[in-house]
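Take a look at the letters that make up each chain.
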Amino acid sequence: MEIQMSNNFGNNIKVTIFGQSHSPAIGVSVDGLPAGFAIDFDELNAFMQRRRPGQGKHTTTRNEPDEPEFISGLVDGVTCGSVLTAIIRNKDVKSSDYDDIKDIPRPSHADFTAFIKYGSAHDIRGGGAFSGRLTAPLCIAGGICLQLLKNEGISIAAHITQIGNVQAKGFDPVNVGDAEFSALKSAAFPVLDAGVGELMLAAIEEVRQAGDSLGGIIECAVIGLPAGVGEPMFDGMENRLASILFGIPAVKGVEFGNGFAAAGLKGSENNDAFIVAKQGDSCSAFETSVSSVSVAGIPSIPKAEQLSPCFATKIKTRTNNHGGILGGITSGMPLIFRTAIKPTPSIAIEQDSVSLSSLEPRKLTIKGRHDPCIVPRAVPCIEAAAAIAIYDAMQQK
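We now turn to the structure provided with this report. For clarity, every value in this text was computed on a predicted model and none was experimentally measured. Every chain begins its residue count from 1, and numbering advances along the sequence as written. Residues qualify for local features only when their pLDDT is at least 70, as the model is predicted, and side-chain atom pairs are given and counted only at 80 or more; totals for whole chains, interfaces and linings, by contrast, use all residues. Side-chain measures here rest on the full set of heavy atoms in the structure, leaving out hydrogens and waters.

1. Some points on the overall build of the protein
Next, step 1: Helix and strand counts for the protein stand at nine helices and 20 strands.
Next, step 2: Counting over 397 residues, the protein shows a buried share of 46%.
Next, step 3: Note on areas: these come from Shrake-Rupley sampling with a 1.4 Å probe, and a residue is covered only by the protein chains present in the view. On the protein, roughly 19,400 Å² of surface is accessible, and the fraction owed to carbon and sulfur atoms is 54%. Helix and strand definitions here come from DSSP, where helices need a minimum of 4 consecutive H or I residues and strands a minimum of 2 consecutive E residues; each element is numbered from the N-terminal end. A 1.4 Å probe rolled over the protein chains alone gives each residue an accessible area, and that area as a share of the maximum for its type sets the label: buried under 20%, exposed over 50%, partly exposed in between.

Written out as structure tokens, the structure is:
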């Protein structure tokens, strides 16, 4: 049986990631983008720089400029309707660092499972196609989707709420807004409390010096997203987001709204009461041209096509434990989710493993350049993944 990798995402736009950590280049193709959209390359490059390696002691020293090179789909910086394809050339690889692990898999890496599935054909260098390096082309596609969504009044931002045992405050799930988003995207270390951020950086430095690593939690919010996006059961908004988020290496958990905390609450505590929003102009359920018809004195319920454009914006919830999604469909409240990121498995501390060739125990000391904590660089990756999933869902007819 022929075995292939699945590097594709999307129902309405098709995103394909290609390349390996140490191949000459990595890249992305996006099919289905609208023609005539002018990409803001300054904005895209600024977004890419937030993920780029080599920006401090808390990141890997691998120094890659991560500058996208577009080879199709654009004419004078404007999408032309053809498949958009961009590459990033790998310029700072040290493949010799991975000679030992061809036979000795790294604990908590994909080395062992990739060998079982693909045999010796698997590219072990830098983790090959399983590397976090592949999130760079993900950020190209996501950065463009962020711009497309911004044109629709939709904004996405993420921040760090936990590194190891150090915790920071999260978004206000009802009132999160653009001011917080702007501050986070310009911050060198994206947290809502700079003081806690310093404690997080200190914790990362401590494990770096010890040759160890830390994981953490990233919270993401989407505002301006209208009610009614998503499909029930297997194509809901949670499903789409979870699918692409778990494509980011090191993501081990995703929760929406209250998430697992809801399991410890009563329904009366977890339910979000519906309210009528007071801001903005008033509007009725029906379009002006549609008159309400009563049957036996009971007002009729309008059909979806009869609703006025502002109707859904008038109904909110007092709290937002549901995280902006009900039945797989967006409710119009801020969409809130969190992702758990595992500690970087490549650590300098000696670990136990086995030889794949002799099936004998081996000690492994990992060489190379690795992040002591992948969480800070994963923040824009989470934003990119969310943008792709949401933009794709919004194209559903």
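2. Some remarks on empty space enclosed by the protein
Next, step 1: In this analysis, the protein atoms alone were mapped onto a 1 Å grid. Cavities are point sets where a 1.4 Å probe fits without being able to get out; pockets are open sets with protein on both sides within 12 Å along at least five of seven lines; lining residues have an atom within 4 Å of a point. Grid points are joined across faces, edges and corners, and a volume is the space filled by probe spheres set on the points. Considering all chains together, one arrives at one cavity of 30 Å³ or more under this definition.
Next, step 2: What the largest cavity holds in volume is close to 70 Å³.
Next, step 3: Together, eleven residues line the largest cavity, and Asp97, Asp100, Ile101, Thr365 and Lys367 are the ones closest to its centre.
Next, step 4: Class assignment for the residues of the lining of the largest cavity results in four nonpolar, two polar and five charged. Any residue that is not Ala, Val, Leu, Ile, Met, Phe, Trp, Tyr, Cys, Pro, Asp, Glu, Lys or Arg is counted as polar, Gly included; the first ten are nonpolar and the last four charged.

3. Describing the pairing of strand β10 (residues 216-223)
Next, step 1: Counted residue by residue, β10 has seven buried out of eight residues, so it is predominantly covered.
Next, step 2: Should DSSP find at least two bridges between two strands, the strands are taken to pair. By the bridge criterion, eight bridges tie strand β8 (residues 155-163) to β10 in an arrangement that is antiparallel. Looking at the pairing, Ala158 lines up with Cys220 of β10.
Next, step 3: Here β10 runs beside strand β18 (residues 335-341); their pairing, made up of seven bridges, is antiparallel. Bridging from a neighbouring strand, Glu219 pairs with Arg338 of β18.

4. Digging into the sheet that holds strand β2 (residues 14-18)
Next, step 1: What the five strands build is an open sheet, ordered β1-β2-β3-β7-β4; its pairing is antiparallel. Of all strands in the sheet, those bounded by a partner on one side alone are β1 (8-9) and β4 (69-72).
Next, step 2: Pairing geometry for β2 and strand β3 (residues 25-31), over five bridges, is antiparallel. If you follow Val15 over to β3, its bridge partner there is Val30.

5. Quick look at the side chain of Gln162
Next, step 1: With respect to the secondary-structure elements, Gln162 resides in strand β8.
Next, step 2: In terms of polar contacts, Gln162 uses its side chain to reach the backbone carbonyl oxygen of Gly164, at 2.8 Å.
Next, step 3: At a separation of 3.4 Å, a polar atom in the side chain of Gln162 contacts the side chain of Gln167.
Next, step 4: Whether two residues are in contact is decided by their heavy atoms: any pair within 4.5 Å suffices. Discounting residues that sit within four places of it in the chain, Gln162 has contacts with Gln167, Met200, Gly215, Gly216 and Ile217. A 3.5 Å cut-off defines polar contacts: any pair of N or O atoms within that distance qualifies, except that in protein one atom must be a possible hydrogen donor and the other a possible acceptor, and neighbouring residues in sequence count only when both atoms are side-chain atoms.

6. Some remarks on the packing of aromatic side chains
Next, step 1: In this analysis, rings of Phe, Tyr and Trp, with Trp reduced to its six-membered ring, are considered paired at centre separations within 6.5 Å, and the interplanar angle assigns stacked below 30 degrees, edge-to-face beyond 60, and tilted for intermediate values. This structure, assessed with the given rule, holds four aromatic pairs.
Next, step 2: Seen from their ring centres, Phe41 and Phe70 are 5.7 Å apart, and the 70° between their planes marks the pair as edge-to-face. Taken together, the residues span a long stretch of sequence, with Phe41 in helix α1 (residues 41-51) and Phe70 in strand β4 at a distance of 29 residues.
Next, step 3: According to the relative accessible area criterion, Phe41 is partly exposed, its value standing at 29%.
Next, step 4: Summarising the aromatic geometry, the rings of Phe256 and Phe337 are spaced 5.9 Å apart at their centres and angled 50° between planes, so their arrangement reads as tilted. Of this pair, Phe256 sits in strand β11 (residues 251-256) while Phe337 sits in strand β18, and the two are 81 residues apart along the sequence. Just as Phe256 is buried, Phe337 falls in that class too.

7. A closer look at the nonpolar core
Next, step 1: In this description, a nonpolar core means a group of buried Ala, Val, Leu, Ile, Met, Phe, Trp, Tyr and Cys residues linked to one another through side-chain atoms lying within 4.5 Å. Within the largest apolar cluster, 74 residues are counted, with the highest numbers of intra-cluster contacts made by Ile144, Ile156, Met200, Met237, Leu241, Phe337 and Ile388.
Next, step 2: Beyond its immediate chain neighbours, meaning those up to four positions away, Ile388 contacts Phe9, Ile13, Val15, Leu138, Ala141, Gly142, Cys145 and Ile244.
Next, step 3: Counting residues in hydrophobic clusters, the runner-up holds eight residues, among them Phe171, Phe181, Ala221 and Ile336.

8. Brief notes about unusual backbone geometry
Next, step 1: Backbone geometry places Met233, a non-glycine residue, at a positive phi of 60°.
Next, step 2: Looking at where Met233 falls in the secondary structure, it is placed in the loop between β10 and α6 (237-245).
Next, step 3: The exposure class assigned to Met233 is exposed, which follows from its relative accessible area of 65%.
Next, step 4: The phi dihedral of Ala250 falls on the positive side, at around 90°, and the residue is not glycine.
Next, step 5: By the secondary structure assignment, Ala250 is in the loop between α6 and β11.

9. Side note on the pattern of salt bridges
Next, step 1: When a carboxyl oxygen of Asp or Glu lies within 4 Å of a side-chain nitrogen of Lys or Arg, that pair is called a salt bridge. As enumerated under the stated definition, the model contains 15 salt bridges in all.
Next, step 2: We note a salt bridge from Arg240 to Asp235, for which the minimum N-O separation is 3.1 Å.
Next, step 3: A salt bridge links Arg362 to Glu360, with the shortest nitrogen-to-oxygen separation between them at 3.4 Å.
Next, step 4: Overlapping salt bridges, with partners in common, bring together Arg51, Asp66 and Arg133 in one network.

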